[in-house]
Amino acid sequence: MITLIINIKELLQVRASNISKVSGAEMKILPTIKNAFILIKDGRISDFGLMESLPKINADKIIDATGKIVLPSWCDSHTHIVYAGNREQEFVARVNGATYEEIAASGGGILNSAKTLQATSEEELYKQSAKRLEEVIQLGTGAVEIKSGYGLTIEAELKMLRVIQKLNDNYPVEIKATYLAAHAIPKNYNGNSEAYIDDVISKFLPVVAKEKLAEFIDVFCETGYFSVDDTNKLLKEAKAYNLTPKIHVNQFTAIGGVQAGVNNNALSVDHLEILNDEDIQSLKNSKTMPVALPLCSHFLSIPYTPVKKLIASGLPVALATDYNPGSTPSGNMNQVVSEACIKMNLTPEEAINAATINGAYAMGIQETHGSIVIGKHANIIITKEIPSYGFLPYAFGSNLIDTVLVNGVIV
Ligand SMILES: N=CN[C@@H](CCC(=O)O)C(=O)O
Ligand SMILES: [Zn+2]
């Protein structure tokens, strides 16, 4: 199947194949071609360039993108899309003055989601999750990481991971599974995080690894959840099973989680709303991608990750949704890009780099996704007619997506 997109007003994120991420001042640069074409063969990008150099091609399908912008699909490297029910009532409680921390301390929060998920059948969990996945695909997400972590028993965690696997089997987008082994301390452990980590290590990890249900391992390293010692212990053990760390750190407090991530060769450290200079220092000379989740800051009214400071330090930044029922009930990457420009002062170029090529890096798929390169998956967004790409973050309330292609097929 050959698909040709012609008369593209501007083709964004055109890169050399050896660029796996962009850092520091480079993040302000978004390479583009104006008045371009892109050719897709058997689901992969097979050529692109200026319209004036378009070779003669017998295409099966021609899409005229006059006035429209074309870019690689969003790469959402941090989500909890697989969950049951919702936490609308906690949201209303927060509107009425309760804090996220107070709700969690009184048995709500993650434990509330775990209770609902444990009582939900695998079929129903799949149904609810597939609906959310379909929604984000239409919003231009072409690759997505999905975490477990709302199970908190081995049976429920495996149920979540099997649902992620089934989504991967049934949908064309790239899905990466993360075993979020330590998301909250289950009630029956009476606040004893060490005892839970010990059980995860001796009872859960070997099963998850044997079933080959996850590529990444995650832990919520945070005051009141899991300590730096818990984190180090878990990540060290996970290494023996070839599970790469991608961890939740510094959402509310800076307790050394960033350093723990870097020391354990984490692919990414995510959240980072509260960052100190030592944290930034430890990220330098590491391969760990800092990931910011601006919609979480928006929804919880907590500080925004100081991404400009990270970039000024020469570091890369990726943006993701954090789609989950408690802190971010939105999986809209377009909204993430807007919010990052509006509230974190990223330029449109920085935000688009963070949500595409750097997002791909943050889930280990930089060789195949995240930029317009010959041979990469043809996961592509065609916008509606817009004046320029700056209009994407500017018109924050409009759905500006016209067409989404996954592996070269319109979805
Ligand atoms: N911070 C930890 N986990 C999720 C939210 C969990 C919840 O409230 O359900 C997050 O990334 O924000
Ligand atoms: Zn999260």
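What counts as what
- Residues numbered from 1 in each chain as written.
- Chains lettered and ligands numbered in written order.
- Predicted model: local features only at pLDDT ≥ 70, side-chain atom pairs only at ≥ 80, totals over all residues.
- Heavy atoms only, no water.
- Buried < 20%, exposed > 50% of the residue type's maximum accessible area, 1.4 Å probe, protein only.
- Helix = DSSP H or I, 4+ residues; strand = E, 2+ residues; numbered from the N terminus.
- Pairing = 2+ DSSP bridges.
- Right-handed = clockwise from strand over helix to strand, strands pointing away.
- 1 Å grid on protein atoms, 1.4 Å probe; cavity = no way out; pocket = protein on both sides within 12 Å on 5 of 7 lines; lining within 4 Å.
- Points joined across faces, edges and corners; volume = space filled by probe spheres on them.
- Nonpolar A, V, L, I, M, F, W, Y, C, P; charged D, E, K, R; others polar.
- Domains from an automatic or database assignment.
- Contact = heavy atoms within 4.5 Å.
- Buried area = accessible area lost by both parts, 1.4 Å probe.
- Salt bridge = Lys/Arg side-chain N within 4 Å of Asp/Glu carboxyl O.
- Polar contact = N/O pair within 3.5 Å; in protein donor to acceptor, adjacent residues only side chain to side chain.
- Arc of directions from axis to C-beta.
- UniProt positions renumbered as here; feature names shortened; annotations may be inferred.
- Core = buried A, V, L, I, M, F, W, Y, C linked by side-chain atoms within 4.5 Å.
- Donors = N, O, S within 2.8 Å, 3.2 Å for Na, K, Ca; no water.
- Axes fitted to C-alpha atoms, helices over the stretch in contact; angles between N-to-C directions.
- Parallel < 35°, antiparallel > 145°, perpendicular 65-115°, else oblique.

Peer 1: An account of the pairing of strand E9 (residues 216-221) is requested, with residue identities and associated values reported.
Peer 2: Most of E9 sits out of view: 6 of its 6 residues are buried. Covered by surrounding structure in E9 are Phe 216, Asp 218 and Phe 220 together with Ile 217, Val 219 and Cys 221, the residues of both alternating faces. Across 4 bridges, strand E8 (residues 174-182) lies against E9 in parallel orientation. Across the sheet, the residue bridging to Thr 178 is Phe 216, located in E9. Taken together, E8, helix H6 (residues 193-210) and E9 form a β-α-β motif whose crossover is right-handed. Following the backbone out of E9, through helix H7 (residues 228-239) and into the adjacent parallel strand E10 (residues 244-249), one traces a crossover that is right-handed.

Peer 1: Which residues make up empty space enclosed by the protein, and what are the values?
Peer 2: Within the structure shown, the criterion is met by 3 cavities of 30 Å³ or more. In this structure, the largest cavity occupies an estimated 100 Å³ of space. Lining of the largest cavity is provided by 14 residues; of these, Tyr 100, His 183, Gln 251, Asn 324 and Ser 327 occupy positions nearest its centre. Residue lining of the second largest cavity: Pro 72, Ser 73, Trp 74, Cys 75, Gly 142, Ala 143, Thr 368, His 369, Gly 370, Ser 371, His 377 and Asn 379, and that is the complete set. Along the lines of polarity and charge, the residues of the lining of the second largest cavity split into 4 nonpolar, 8 polar and no charged.

Peer 1: An account of the domain arrangement of the protein chain is requested, with residue identities and associated values reported.
Peer 2: Often, the extent of an interface is quoted as the loss of accessible area upon association of its parts. Examined at the domain level, the protein chain breaks down into domain 1 (2-72 + 371-410) and domain 2 (75-361). Each of domain 1 and domain 2 has a C-alpha centre, and the two are 29 Å apart. The interface is formed by 29 residues belonging to domain 1 together with 32 residues belonging to domain 2. Both sides together, the interface formed by domain 1 and domain 2 hides about 2,400 Å², and carbon and sulfur atoms give 65% of it. Three residues, Lys 21, Met 27 and Pro 393, lead the burial of domain 1 against domain 2; their summed loss comes to 26% of the area buried on that side. In this structure, the connection of domain 1 to domain 2 is made through 1 salt bridge. With a shortest N-O distance of 3.9 Å, Lys 28 and Glu 350 are connected by a salt bridge. Counting every contact that joins domain 1 to domain 2 gives 12 residue pairs in polar contact (both at pLDDT 80 or more). Among the elements of the structure, helix H15 (391-394) and strand E15 (401-406) are those that each provide at least two residues to the side of domain 1 that touches domain 2. With 3 residues, E15 is the largest single contributor of residues to the side of domain 1 that touches domain 2.

Peer 1: So what about helix H3 (residues 110-118)? Which residues, and what values?
Peer 2: Within H3, the full set of buried residues consists of Ile 110, Ser 113, Ala 114 and Leu 117. All buried residues of H3 project into a common sector of 100° when viewed along the axis, lining one side. Against the buried residues of H3 lie helix H4 (122-138), helix H5 (154-170) and E9.

Peer 1: Could you give an account of the UniProt feature "binding site: Fe(3+)" (unreviewed entry) in the protein chain, naming the residues involved and the relevant values?
Peer 2: The sites that UniProt annotates as "binding site: Fe(3+)" (unreviewed entry) are His 78, His 80, His 248 and Asp 322. Taken along the chain, the residues just named run across 245 residues; in space they keep tight, none of their C-alpha pairs more than 12.1 Å apart. Filtering the just-named annotated residues for those lining the largest cavity gives His 80, His 248 and Asp 322. Reaching out from His 248, the side chain makes a polar contact with the side chain of Asp 218 at a distance of 2.9 Å. With respect to the helices, strands and loops of the structure, Asp 322 is situated in the loop between strand E13 (318-319) and helix H12 (333-344).

Peer 1: Please provide a residue-by-residue account of the nonpolar core, values included.
Peer 2: Formed by 121 residues in total, the largest nonpolar core has its most connected members in Leu 133, Leu 167, Tyr 179, Ile 217, Leu 234 and Leu 319. Residue contributions to this core reach at least three from each of two domains, namely domain 1 (2-72 + 371-410) and domain 2 (75-361). Ignoring anything within four residues of it in the chain, the contact list for Ile 217 reads Thr 178, Tyr 179, Ala 181, Leu 205, Leu 234, Leu 235, Ala 238, Leu 243, Thr 244, Pro 245, Lys 246 and Ile 247.

Peer 1: Which residues make up the pairing of strand E1 (residues 2-12), and what values do they have?
Peer 2: Of all the 11 residues making up E1, 9 are buried; the element is thus mostly covered by neighbouring parts of the structure. The pairing of E1 with strand E2 (residues 32-41) spans 8 bridges and is antiparallel. Its bridge partner being in E2, Ile 8 is matched across the sheet by Ala 36. Examined bridge by bridge, E1 and strand E4 (residues 61-64) share 4 bridges and lie parallel to one another. When the bridges of E4 are listed, Ile 6 appears paired with Asp 64.

Peer 1: Can you explain the coordination of the zinc ion (ligand 2)? Please cite residues and give values.
Peer 2: Note on the zinc ion (ligand 2): its protein donors are His 78 (NE2), His 80 (NE2), His 248 (NE2) and Asp 322 (OD). The metal-donor distances range over 2.0 to 2.3 Å. Going along the chain, you hit the donors of the zinc ion (ligand 2) in the pattern H-x1-H-x167-H-x73-D. Considered together, His 78 and His 80 belong to a single accessibility category, that of buried residues.

Peer 1: Explain the packing of H6 against H7 to me, and be specific about the residues and the numbers.
Peer 2: Running from N to C, H6 and H7 cross one another at 5°; their axes reach a closest spacing of 10 Å. By the angle class used here, H6 and H7 are roughly parallel. Mapping the contact onto sequence places Ser 193, Glu 194, Ile 197, Asp 198, Val 200, Ile 201 and Leu 205 in H6 and Asp 230, Lys 233, Leu 234, Glu 237 and Ala 238 in H7. When the residues that make up the contact of H6 with H7 are grouped by side-chain class, the tally is 6 nonpolar, 1 polar and 5 charged.

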